[in-house]
Amino acid sequence: MHGRVVDWDEHAGFGTIEADDGTSYFFHCTTLADGSRTIDVGTGVTFDVVAGHLGRWEAARVEKR
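Residues numbered from 1 in each chain as written. Predicted model: local features only at pLDDT ≥ 70, side-chain atom pairs only at ≥ 80, totals over all residues. Heavy atoms only, no water.

(A) Here's a closer look at unusual backbone geometry. The phi torsion at arginine 61 lies on the positive side, around 50°, for a residue other than glycine. Following the sequence through the fold, arginine 61 ends up in strand β5 (residues 57–64). Classification of arginine 61 as partly exposed rests on a relative accessible area of 48%. (Helix = DSSP H or I, 4+ residues; strand = E, 2+ residues; numbered from the N terminus. Buried < 20%, exposed > 50% of the residue type's maximum accessible area, 1.4 Å probe, protein only.)

Put into structure tokens, the structure is as follows:
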């Protein structure tokens, strides 16, 4: 899927991606494919959607576009 980072909490290491269809997905810094632990708000990304630990859909394998 394609989207952009709309929220990022540097201290906690998690944020929200809004997909091109308007759906929002939680993601954690450990899912950033390049191994970094931070990403800027507004960055365009590609990602997969997976079942998360809390019973919600989450973004995984997040890559900057």
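(B) Layout of the packing of aromatic side chains. Enumeration over the complete set of coordinates arrives at three aromatic pairs. An angle of 25° between the planes, with centres 5.4 Å apart, marks the rings of tryptophan 8 and phenylalanine 27 as stacked. With tryptophan 8 in strand β1 (residues 2–9) and phenylalanine 27 in strand β3 (residues 24–28), the pair connects residues that are 19 residues apart, well separated along the chain. Consider the rings of tyrosine 25 and phenylalanine 47, whose centres lie 5.6 Å apart with planes at 55°: the pair is tilted. Of this pair, tyrosine 25 sits in strand β3 while phenylalanine 47 is found in strand β4 (residues 44–51), placing the two residues 22 residues apart along the sequence. Both residues of the pair, tyrosine 25 and phenylalanine 47, belong to the buried class. (Phe/Tyr/Trp six-rings, centres within 6.5 Å; stacked < 30°, edge-to-face > 60°.)

(C) Region of the structure containing the pattern of salt bridges. Enumeration according to the criterion identifies three salt bridges in this entry. Between lysine 64 and aspartate 34 there is a salt bridge whose closest N-O contact spans 3.9 Å. Within this pair, whereas lysine 64 is found in strand β5, its partner aspartate 34 is found in the loop between β3 and β4, the two being separated by 30 residues in sequence. Residue classification places aspartate 34 among the exposed residues on the basis of a relative accessible area of 51%. (Salt bridge = Lys/Arg side-chain N within 4 Å of Asp/Glu carboxyl O.)

(D) Main features of the pairing of β3. Side chains Tyr25 and Phe27 project from β3 onto a buried face, and the interleaved Ser24, Phe26 and His28 project onto a face without burial. Relative to β3, strand β2 (residues 14–19) is paired through five bridges, and the arrangement is antiparallel. In the sheet register, threonine 16 faces β3, and the bridge partner there is phenylalanine 26. Following β2, the chain reverses through four residues before pairing antiparallel with β3; glycine 22 in that reversal takes a positive phi of roughly 95°. (Pairing = 2+ DSSP bridges.)

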